[in-house]
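Residue-level structural notes
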Amino acid sequence: MAVTLSDLHTESGLKSLDEFLAGKSYISGDHITKDDIKVYAAVLERPGSGFPNASKWYESLSSHLAPSFPGKAVGVRISGNSLPVEHAPAKEAASAKDEDDDDDLDLFGDETEEDKKAAEEREAAKKPTKKKESGKSSVLLDVKPWDDETDMKKLEEAVRSIEMPGLLWGASKLVPVGYGIKKLQIMMTIVDDLVSVDTLIEERLTVEPCNEYIQSCDIVAFNKI
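Below, the structure is looked at part by part. In this text the structure is predicted, and so the values were computed from the model without any measurement. (Residues numbered from 1 in each chain as written. Predicted model: local features only at pLDDT ≥ 70, side-chain atom pairs only at ≥ 80, totals over all residues. Heavy atoms only, no water.)

Section: unusual backbone geometry
This is how the line gets drawn: Strands are runs of DSSP state E lasting at least two residues, helices are runs of H or I lasting at least four, and both sets are numbered from the N terminus onward. Buried residues are those whose accessible area, probed at 1.4 Å on protein chains only, stays under 20% of the maximum for their type, while exposed residues exceed 50% and partly exposed ones sit between those limits.
Omega for the peptide link from Glu208 to Pro209 comes to 0°, which places this bond in the cis form. Within the secondary structure, Pro209 is located in the loop between α7 (197-205) and β6 (214-224). Notably, Tyr179 is not glycine yet its phi reads approximately 55°, a positive angle. With respect to the helices and strands, the residue Tyr179 is situated in the loop between β4 (167-178) and β5 (181-191). Classification of Tyr179 by relative accessible area gives exposed; the value is 84%.

So, in structure tokens, the structure goes:
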């Protein structure tokens, strides 16, 4: 139901104000605005105990709009009531004064499309404008064959055949181990949030079909880039 400033002199108007303020600190959000100033000026006295939300709001406004600081106060006249405003910005007070005669202001009417758009813009402004970039790491792997008869060329092909988002294979070389056996040392660059090296080894490199050539894998070096 729409409520105007003049309605706030009536019990039904105070009831609507009390219901509207349920769960709210102030009329337009979590800080005082010109809407609070206009309504405060229209309410003749602190609402009684039958209007707990409105009473609490009125008391809060009274503490901020204290008339005991005339040096800081900005006079605002609304519907014949003069209100000294201590903490309200001068721009808001001037805006409220310009709307002195707007007794037909719809205080608690339905939310307009402009209101919804403004609320959405405020929410969007709170969100981070840029997503934090994920870190990267450089990893050196030792890939060991089963024996000296393992085809190391096919072993390397099996390793490089593994493709996944965030994984890039780099340089490699064969390193003698002993008894004619060589191991493959290979570099790879990973995106930390996308690739787990342990999972890569356990679920890709040492299972079929790669385990036909690969006996085991070890992490030699792991460095953040």
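Some thoughts on the pattern of salt bridges
Cut-off, in case you're wondering: Basic side-chain nitrogens of Lys or Arg form a salt bridge, by our definition, when they fall within 4 Å of a carboxyl oxygen of Asp or Glu.
Evaluated as defined, the whole model comprises 5 salt bridges. Salt-bridge contacts for Glu59 lead to Arg46; the nearest nitrogen and oxygen are separated by 3.2 Å. With Glu59 in helix α3 (residues 52-64) and Arg46 in the loop between α2 (34-42) and α3, this residue pair connects regions lying 13 residues apart in the sequence. With a relative accessible area of 45%, Arg46 lands in the partly exposed category. Residue Lys224 is joined to Asp192 by a salt bridge in which the shortest nitrogen-to-oxygen separation is 2.9 Å. With Lys224 in strand β6 and Asp192 in the loop between β5 and α7, this residue pair connects regions lying 32 residues apart in the sequence. Classification of Lys224 by relative accessible area gives exposed; the value is 61%. By relative accessible area, which is 22% here, Asp192 ends up partly exposed.

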